[in-house]
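# Summary of structural features
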Amino acid sequence: MSARVLVVEDDKDIRRNVVQLLELEGYAVEAAGNGLEALTALQGAQVLPSVIILDLMMPVMDGFQFREEQNKQPQLAKIPVIIMTADGRTDEKRMRAGAVAALRKPADVDAILNLVSKFCAKP
């Protein structure tokens, strides 16, 4: 079975590009446009993702709010999160969000694949 990745990003173009990149590498990818959509997808998932790529600045529920809700649920809290931000303060944001890693937008293709592969068994 393919390793699963959840991409949470409100920008449709970025979301589509990251999803396509990961699918081409053989990952099973689900996408959400904001934190609330992501939580709903996780709560209804038969199989949880191995890692979540999370934008921080989104409408409805931003990345920080998503992390608060994710951490309230033990099964979901175990899923590692890689944040993506256009802000230059990636380390500060990574620590604040309690994420395992951070990518600065626009994210480098190799950086995305290297980080995802750390948390997913290669498909």
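Coordinates for the structure precede this section.
What you see is a predicted model; the values in this text were computed from it and never measured. (Residues numbered from 1 in each chain as written. Predicted model: local features only at pLDDT ≥ 70, side-chain atom pairs only at ≥ 80, totals over all residues. Heavy atoms only, no water.)

## Structural notes on the packing of aromatic side chains
Applying the stated rule across the entire model yields zero aromatic pairs. Over the aromatic face of Phe64 sits the side chain of Arg96, whose NZ or CZ is 3.7 Å from the ring centroid. (Phe/Tyr/Trp six-rings, centres within 6.5 Å; stacked < 30°, edge-to-face > 60°. Lys NZ or Arg CZ within 6 Å of the ring centre and 35° of its normal.)

## Observations concerning the side chain of Glu9
One can find Glu9 in the loop between strand E1 (4–8) and helix H1 (12–24). Residue Glu9 is classed as buried on the basis of its relative accessible area of 0%. If near-sequence neighbours (up to four positions away) are discounted, Glu9 is found in contact with Ile14, Arg15, Ala32, Gly33, Asp55, Met58, Met84 and Lys105. (Helix = DSSP H or I, 4+ residues; strand = E, 2+ residues; numbered from the N terminus. Buried < 20%, exposed > 50% of the residue type's maximum accessible area, 1.4 Å probe, protein only. Contact = heavy atoms within 4.5 Å.)

## A short note on the sheet that holds strand E4 (residues 81–85)
One open sheet accounts for five strands, arranged E2-E1-E3-E4-E5; its pairing is parallel. The outermost strands of the open sheet, each flanked by one partner alone, are strand E2 (28–32) and strand E5 (101–104). Adjacent strand axes in the sheet meet at a mean angle of 20 degrees, parallel and antiparallel pairs treated alike. Sheet analysis places E1 next to E2, joined by five bridges and oriented parallel. Paired with Leu6 across the strands is Glu30, a residue of E2. Contacting E1, E2 and strand E3 (51–55), helix H2 (residues 35–43) runs over the sheet at an angle of about 155 degrees to E1. (Pairing = 2+ DSSP bridges. Axes fitted to C-alpha atoms, helices over the stretch in contact; angles between N-to-C directions.)

## Focus on the side chain of Arg15
Mapped onto the fold, Arg15 is located in helix H1. Comment: no salt bridge for buried Arg15; closest opposite-charge side chain is Glu37, at 5.8 Å. Only 2.6 Å separates the side chain of Arg15 from the backbone oxygen of Glu9, close enough to count as a polar contact. If we ignore the near neighbours within four places in the chain, the residues touching Arg15 are Val7, Glu9, Asp10, Ala31, Ala32 and Gly33. (Lys, Arg positive; Asp, Glu negative; His and termini not counted. Salt bridge = Lys/Arg side-chain N within 4 Å of Asp/Glu carboxyl O. Polar contact = N/O pair within 3.5 Å; in protein donor to acceptor, adjacent residues only side chain to side chain.)

## Digging into helix H3 (residues 63–71)
Burial in H3 covers these residues: Gly63, Phe64, Phe66, Arg67 and Gln70. Buried residues along H3 cover an arc of 155 degrees about the axis, so they all sit on one side. The secondary structure elements touched by the buried residues of H3 are H2, E3, helix H4 (74–77), E4 and helix H5 (90–97). Sitting at the head of H3, Asp62 places a side-chain oxygen 3.0 Å from the backbone nitrogen of Phe64. (Arc of directions from axis to C-beta.)

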